[in-house]
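# Coordinate analysis (summary)
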Amino acid sequence: MPYYIIRNPYVTGNSVIAMKYKDGVIMACDTGASYGSTLRYKSVERIKEVGKHSLIGGSGEFSDFQEILRYLDELTLNDHMWDDGNSLGPKEIHAYLTRVMYNRRNKFDPLWNSLVLGGVKKGPKGDEKYLGMVNMIGTHFEENHIATGFGNHMAIPILRGEWREDMTFEEAVKLIEKCLLVLLYRDRSSINKFQIAKITTEGSTIYPPYALKTNWGFAAFENPSKGAVGTW
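Quick look at the structure, then. Values in this document were obtained by computation on a predicted structure and should not be read as measured data.

## A few points about helix 2 (residues 90–106)
Because each turn of an α-helix spans 3.6 residues, side chains separated by three or four positions in sequence point in the same direction. For helix 2, spanning 17 residues, the distance from its first C-alpha to its last is 24 Å, which sits close to the expected 24 Å at 1.5 Å a residue. When helix 2 is considered as a whole, its buried residues turn out to be P90, I93, H94, L97, T98, V100, M101 and R104. All buried residues of helix 2 lie within an arc of 165° about the axis, which places them on one face of the element. Positioned one or two residues after helix 2, F108 has a phi angle of 60°, which is positive.

This is the structure:
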């Protein structure tokens, strides 16, 4: 069977937004997946549990994200088979993903994704919250709040201005929804069907998709070309 290198993404998911809050990590994204510029699929779940302590969210090529989930299933199964009373935490899984993405980049056959990995695990200093990301060429970092895709431009300024380390879950949801609403208004690939997930020391919860209340009556939306010289 011939081996093909995917040089362009085909079915792609949109931004993922995540941040730490008082009790754990919260993550959110919409459920749309675009085929080129066509919003083809509207019920795609891009947030998944990884082991006992982690959540992963993926932007970019959805089939590559499915392949990454297969890698992680093998990793967590192998870890479970050791039966040593220990389990991989978010920091270890993030380190594993950085090696996978960088390895594929070096083969000139990258996995076309930006991944967000968050979780909570008990450590020497008590409950340790972790949030990191890695992109398709292996660039990675840790941060208190992360947004991929268009959210890196539109949501990060909001998070930098309003995020606090001691936020309750309800406050974190409101801030996440504010970012999602901005993306819905400004990103043509976003849809009004969102999914939120959280993870704490008690475990992870991925909530059912829901829609946000919108208002399209702004003057800038009604006549976007007014005052812009040279536009149609």
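## Here we look at the pattern of salt bridges
If you walk through the whole model with that rule in mind, you get 8 salt bridges. Here R104 and D109 are joined by a salt bridge, their closest N and O atoms 3.1 Å apart. The exposure class of R104 is buried, given its relative accessible area of 15%. Put simply, R164 and D166 hold a salt bridge, and the shortest N to O gap is 3.0 Å. For R164, a relative accessible area of 36% corresponds to the partly exposed category. One continuous salt-bridge network, built from bridges that share partners, spans E67, R70 and E74.

## As for the packing of helix 1 (residues 62–82) against helix 2
Where helix 1 meets helix 2, the closest approach of the two axes is 12 Å, and the angle between their N-to-C directions is 130°. Put simply, helix 1 runs oblique to helix 2. Note on packing geometry: the crossing formed by helix 1 with helix 2 is right-handed. Within the contact between the two elements, helix 1 uses I68, Y71, L72 and L75 and helix 2 uses I93, Y96, L97, V100, M101 and R104. Here the residues of the contact of helix 1 with helix 2 sort into 9 nonpolar, no polar and 1 charged.

What counts, and where the lines are drawn
Residues numbered from 1 in each chain as written. Predicted model: local features only at pLDDT ≥ 70, side-chain atom pairs only at ≥ 80, totals over all residues. Heavy atoms only, no water. Helix = DSSP H or I, 4+ residues; strand = E, 2+ residues; numbered from the N terminus. Expected span 1.5 Å × (residues − 1). Buried < 20%, exposed > 50% of the residue type's maximum accessible area, 1.4 Å probe, protein only. Arc of directions from axis to C-beta. Salt bridge = Lys/Arg side-chain N within 4 Å of Asp/Glu carboxyl O. Axes fitted to C-alpha atoms, helices over the stretch in contact; angles between N-to-C directions. Parallel < 35°, antiparallel > 145°, perpendicular 65-115°, else oblique. Left-handed = near helix turned anticlockwise from the far one by under 90°. Contact = heavy atoms within 4.5 Å. Nonpolar A, V, L, I, M, F, W, Y, C, P; charged D, E, K, R; others polar.

Interpretation in functional terms is not warranted from these geometric data alone.
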